[in-house]
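# Topology and contacts: notes
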Amino acid sequence: MSNSLKVWQGLVLVVLVLPLIPVLLLWLLAHWLVQALLVLATWVCWLPRGKDTLIVYSRSPHCLDYFEARLIPQLSQRATTLNWSDRAKWPAFGLSSLIFRAFAGSTSFNPMVMHFKLLRWPKVFRFFEAFRNRKHGQEQPLQELEKELVRRLGVPA
């Protein structure tokens, strides 16, 4: 490939990509602003009522017993729960569902736990990989994630 062809390809790429940069920056700014407003809403609406945790799980046989027998009863006083299997029934503009949509991402989001602290960005604990490893006989990743969650929440193991 000749140098002049490479230069033309580079110029075409710059001309096509350059106008997209401000749009991308505006989208990133808007996304961050929405997240910041939702975090502020949790500080105002949830923390004063003693709610600081969002639990998202499903009726999957790999995680259902763990969440319903161990995690949810232990955190029920301070947690809001969303069942991914019932997502069609979630309120479109409910705080918990908005938080989930803003922070979950598109991969490894079920099951997960989000913990909120005043003046801090939420800590997200993603259990998907740990349960996948557990399904293949590896318990250690789930145990380590649970230890980190217990330490963060300050609850007995």
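Only a predicted model underlies this, so the values are computations on that prediction, with no experimental measurement involved. (Residues numbered from 1 in each chain as written. Predicted model: local features only at pLDDT ≥ 70, side-chain atom pairs only at ≥ 80, totals over all residues. Heavy atoms only, no water.)

## Concerning the packing of helix H3 (residues 64–75) against helix H6 (residues 140–153)
Threshold: Axes here refer to lines fitted to C-alpha atoms; in helices the fit is confined to the stretch in contact. Angles between the N-to-C directions go from 0 to 180 degrees. In this text, helices come from DSSP runs of H or I with a minimum length of four residues, and strands from runs of E with a minimum of two, each type numbered from the N-terminal end. Angles are sorted into four bins: roughly parallel if under 35 degrees, roughly antiparallel if over 145, roughly perpendicular if 65 to 115, and oblique for all others. The contact criterion used is simple: two residues touch if any of their non-hydrogen atoms lie within 4.5 Å.
Where H3 contacts H6, the axes come no closer than 13 Å and their chain directions differ by 10°. By the angle class used here, H3 and H6 are roughly parallel. Between H3 and H6, the residues in contact are Tyr66, Arg70, Leu71 and Leu75 and Leu142, Glu146, Leu149 and Leu153, respectively.

## Describing the packing of aromatic side chains
Operational definition: When the centres of two rings from Phe, Tyr and Trp lie within 6.5 Å, Trp using its six-membered ring, the rings pair. Their planes under 30 degrees apart give stacked, over 60 give edge-to-face, and anything left gives tilted. Exposure is judged per residue with a 1.4 Å probe applied to protein chains only, and the accessible area is read against the type maximum: over 50% gives exposed, under 20% gives buried, and values in between give partly exposed.
As enumerated under the stated definition, the model contains 15 aromatic pairs in all. Ring geometry for Trp84 and Phe100: centres 5.6 Å apart, planes at 50°, overall tilted. Within this pair, whereas Trp84 is found in the loop between strand S2 (79–83) and helix H4 (95–103), its partner Phe100 is found in helix H4, the two being separated by 16 residues in sequence. Given a relative accessible area of 22%, Trp84 falls into the partly exposed group.

## Re the pattern of salt bridges
Defined as follows: Just to be clear on terms, a salt bridge is a Lys or Arg side-chain nitrogen sitting within 4 Å of an Asp or Glu carboxyl oxygen.
Taken as a whole and assessed by the stated rule, the structure comprises 6 salt bridges. Between Arg59 and Asp86 there is a salt bridge, with the nearest N and O atoms lying 3.0 Å from each other. With Arg59 in the loop between strand S1 (53–57) and H3 and Asp86 in the loop between S2 and H4, this pair connects stretches of sequence that are 27 residues apart. Classification of Arg59 by relative accessible area gives partly exposed; the value is 47%. The shortest N-O distance in the salt bridge between Glu146 and Arg70 comes to 2.7 Å. Here the residue Glu146 occupies a position in helix H6, and Arg70 occupies one in helix H3, the gap between them amounting to 76 residues. For Glu146, a relative accessible area of 15% gives the class buried.

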